[in-house]
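# Residue-level structure breakdown
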Amino acid sequence: MAAEPALDQRQLRRARIAIAAVFCVHGAVTGNFATRVPWIQEHAGVSAGQLGLALAFPAIGSSLLMPLSGAITHRFGARGALRGLLALWTLALALPALAPNVYTLCAVLFAYGASAGMADVAMNALGVETENRLGRSIMSSLHGMWSVGALVGSAAGTLAAHLGADARQHHMVAAAVLTLLGLAACQGVLDLRSAPEEAPPPRFALPPRSALVIGAVGFCAVVAEGASLDWSAVYLRDVLDTSAGTAAACTTAFTLAMAVARLVGDTGVDRFGAVRTVRCGGILATLGGLLVVVAPGAAVAMAGFGLMGLGVAVVVPLAFAAAARSGPNPSQAIAGVATITYTSGLVAPSAIGGIADLTSLVASFGLVTVLALGLVAGARVLRAGARPCEAADAAPVHQA
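Since this is a predicted model, take the numbers as computed values, not measurements.

Okay, the overall build of the protein chain next. Secondary structure summary: the protein chain contains 14 helices and zero strands in total. Reading the protein chain from its N end, one meets helices and strands in the order α-α-α-α-α-α-α-α-α-α-α-α-α-α. Relative to a compact globule of 400 residues, whose C-alpha radius of gyration would be 21 Å, the protein chain shows 21 Å and is just as compact. Out of the 400 residues belonging to the protein chain, those deemed buried represent 51%. When contacts within the protein chain are restricted to residue pairs at least 6 apart in sequence, those whose partners lie at least 24 apart make up 86%. Carbon together with sulfur atoms contributes 67% to the accessible area of the protein chain, which is approximately 16800 Å² in total.

Here it is in structure tokens:
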């Protein structure tokens, strides 16, 4: 690879803004889709059980196809790969609303999830590389921007549903707009390319051992996140006998706590490091879980869920960063961690429900609390995510 001058700080700041916009666009697709699931269910004529089955296919598609992202990046370069994969993801938004039955819905959701996962790996790898060049933490705020995008997309979808808009038209318009925004954002990201002599990564490979260990920490956080998102409202309604409005407000508060924590979390990471930040987060999440389990009323339980949101918010971004720096193939390692977190996010809500059926919902959140405590014990594996001491020590960025 011919040497090129390193990017200056102004160019790097522009690259940071661009990759943040990419995360926001990615999240906006999810928000737009989630709000129209009831319309999609009715249009496809599927039962609740069939819908549950279909909604497992995005995670299956993501898990199976994410490893391809590294090979695509090797062939087309980081910017070209992200441009194509993000466009696939934004355009895939239009597919589910077109499905006429459960079989086609499962098929399109598989493709929807596959494009989401591959774009996810590519943008996280570029996010870590941008962070390395800047010499300060940005991964938490990037994931915060994903949450912002999801909230904006949810608001747009809620408005469309309130107006009675056909989801096919809504999603086609949203897909077109988000594709244009995504392509524009990709123009500003780092354009890294593999050296000609560098061997391409395998299309499919088992994740490295380091990714499995780091993924275990992500697993603890994602279970707590998934349990709180899907079961906090039910917990307040069934265990504490609150109103439906109060129960729904708890879920909203948890989501906002996570988004805010991610947007400001980089300050803590820069000051205390990834390991200490996750340990502190684990302590907060454990205290939150204890408050939920012993809560005598809604206010204490909502405070507990809020603490859990604050505690687990930065863990997954830091796990991706640690994975990318743990070996010679960042995309493969990120895909490994992402597979674990995607799968645990899929399994967690069902597992919580199964345990609740056998024992109680309180016991389920007792287990969540124990897993949150695991963040304190396992945080040291994120030491692999330490950035170079100075941005100048990193290899220069080569522009195509």
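Turning next to the layout of surface pockets. By volume, the largest pocket is sized at about 1800 Å³. Contributions of two or more residues to the lining of the largest pocket are made by helix H1 (9–35), helix H4 (57–65), helix H6 (102–134), helix H7 (139–162), helix H9 (209–238), helix H10 (244–294), helix H12 (315–324) and helix H13 (330–358). Here the lining of the largest pocket is built from residues that sort into 26 nonpolar, 16 polar and four charged.

Despite not being glycine, Asp241 has its phi angle at roughly 55 degrees, a positive value. As for its position among the elements, Asp241 is in the loop between H9 and H10.

We now examine a positive patch on the surface. The grouping of Arg276, Arg279, Arg380 and Arg383 at the surface amounts to a positive patch. Here Arg383 is to be found in the segment after helix H14 (361–378).

With 115 residues, the main nonpolar core has Ile19, Val22, Leu82 and Phe365 as its most contacted residues. Ranked by the residues each element gives to this core, the list is headed by H6, at 17 residues. Contacts of Val22, omitting those with residues within four sequence positions, involve Leu82, Leu86, Met123, Ala185, Cys186 and Val189.

What follows deals with H9. With 30 residues, H9 ought to run about 44 Å at 1.5 Å a step, and its terminal C-alpha atoms sit 41 Å apart, in line with that. Approximately 55 degrees is the largest bend angle found in H9, and it occurs at Trp231.

Moving on: the packing of aromatic side chains. Geometrically, a pair of aromatic rings is defined through the distance of the ring centres and the angle of the planes. Using the criterion set out here, one finds five aromatic pairs in the structure. Seen in terms of ring centroids, Tyr235 and Phe365 are 5.3 Å apart; in terms of plane orientation they differ by 80 degrees. Their pairing is edge-to-face. Note that Tyr235 is positioned in helix H9 and Phe365 in helix H14, a separation of 130 residues in sequence. Look at Phe365 and you get buried, because its relative accessible area is 2%. An aromatic cluster is present here, built from Phe33, Trp89 and Tyr112 joined pairwise through their rings.

Turning to the side chain of Ser63, a few remarks are in order. Within the element layout of this structure, Ser63 appears in helix H4. Within the local environment of Ser63, its side chain forms a polar contact with the backbone oxygen of Ala59, the two atoms lying 2.9 Å apart. Setting aside residues no more than four positions away along its own chain, Ser63 makes contact with Thr339, Tyr342 and Thr343.

It is worth spelling out the pattern of salt bridges at this point. On inspection of all chains with the given rule, the structure shows five salt bridges. Among the ionic pairs, Arg168 bridges to Asp166, the shortest N-O distance being 2.7 Å.

This paragraph deals with the state of the cysteines. Applying the stated rule across the entire model yields zero disulfides. Between Cys280, a cysteine without a disulfide, and Cys220, which holds the nearest cysteine sulfur, the sulfur-to-sulfur distance is 17 Å. With a relative accessible area of 48%, Cys280 lands in the partly exposed category.

A cluster of nonpolar side chains, contributed by Leu95, Leu98 and Met172, occupies part of the molecular surface with about 240 Å² of accessible area. Relative to the elements of secondary structure, Leu95 occurs in the loop between helix H5 (68–92) and H6.

Secondary-structure assignment places Val152 in helix H7. Relative accessible area serves as the criterion here: at 52%, Val152 is assigned to the exposed category. Expressed as a C-alpha distance, the spacing of Val152 and Leu51, which sit 101 residues apart in the sequence, is 25 Å.

Take the environment of Phe33 next. Assignment of secondary structure puts Phe33 in helix H1. Put simply, Phe33 and Ala97 are 64 residues apart on the chain and 9.0 Å apart in space, counted from C-alpha to C-alpha.

Before going further, it helps to examine the side chain of Ser147. Within the secondary structure layout, Ser147 lies in helix H7. Beyond its immediate chain neighbours, meaning those up to four positions away, Ser147 contacts Ala259 and Arg262.

Time to look at the confidence of the model for the protein chain. Counting all residues, the mean pLDDT for the protein chain is 85, and 90% of those residues have values of 70 or more. Across the protein chain, helix H8 (residues 167–186) holds the top mean pLDDT of 96, while H13 sits lowest at 79. Within the model, pLDDT remains below 50 along residues 1–5, and this stretch shows 12 contacts once partners closer than five positions in the same chain are excluded. In the predicted structure, residues 388–400 sits below a pLDDT of 50 and forms 30 contacts with residues beyond four places in sequence or in another chain.

Analysis parameters
Residues numbered from 1 in each chain as written. Predicted model: local features only at pLDDT ≥ 70, side-chain atom pairs only at ≥ 80, totals over all residues. Heavy atoms only, no water. Helix = DSSP H or I, 4+ residues; strand = E, 2+ residues; numbered from the N terminus. Rg over C-alpha atoms; globule rule 2.2 N^0.38 Å. Buried < 20%, exposed > 50% of the residue type's maximum accessible area, 1.4 Å probe, protein only. Contact = heavy atoms within 4.5 Å. Areas by Shrake-Rupley, 256 points an atom, 1.4 Å probe, with all protein chains shown as cover. 1 Å grid on protein atoms, 1.4 Å probe; cavity = no way out; pocket = protein on both sides within 12 Å on 5 of 7 lines; lining within 4 Å. Points joined across faces, edges and corners; volume = space filled by probe spheres on them. Nonpolar A, V, L, I, M, F, W, Y, C, P; charged D, E, K, R; others polar. Patch = residues over 30% accessible without salt bridge, like charges linked within 9 Å, V, L, I, M, F, W, Y side chains within 5 Å. Salt bridge = Lys/Arg side-chain N within 4 Å of Asp/Glu carboxyl O. Lys, Arg positive; Asp, Glu negative; His and termini not counted. Charge placed at Lys NZ, Arg CZ, Asp CG, Glu CD. Core = buried A, V, L, I, M, F, W, Y, C linked by side-chain atoms within 4.5 Å. Expected span 1.5 Å × (residues − 1). Bend = angle between axes of the 7 residues up to and from the residue. Phe/Tyr/Trp six-rings, centres within 6.5 Å; stacked < 30°, edge-to-face > 60°. Polar contact = N/O pair within 3.5 Å; in protein donor to acceptor, adjacent residues only side chain to side chain. Disulfide = S-S within 2.5 Å. pLDDT = per-residue confidence, 0-100.

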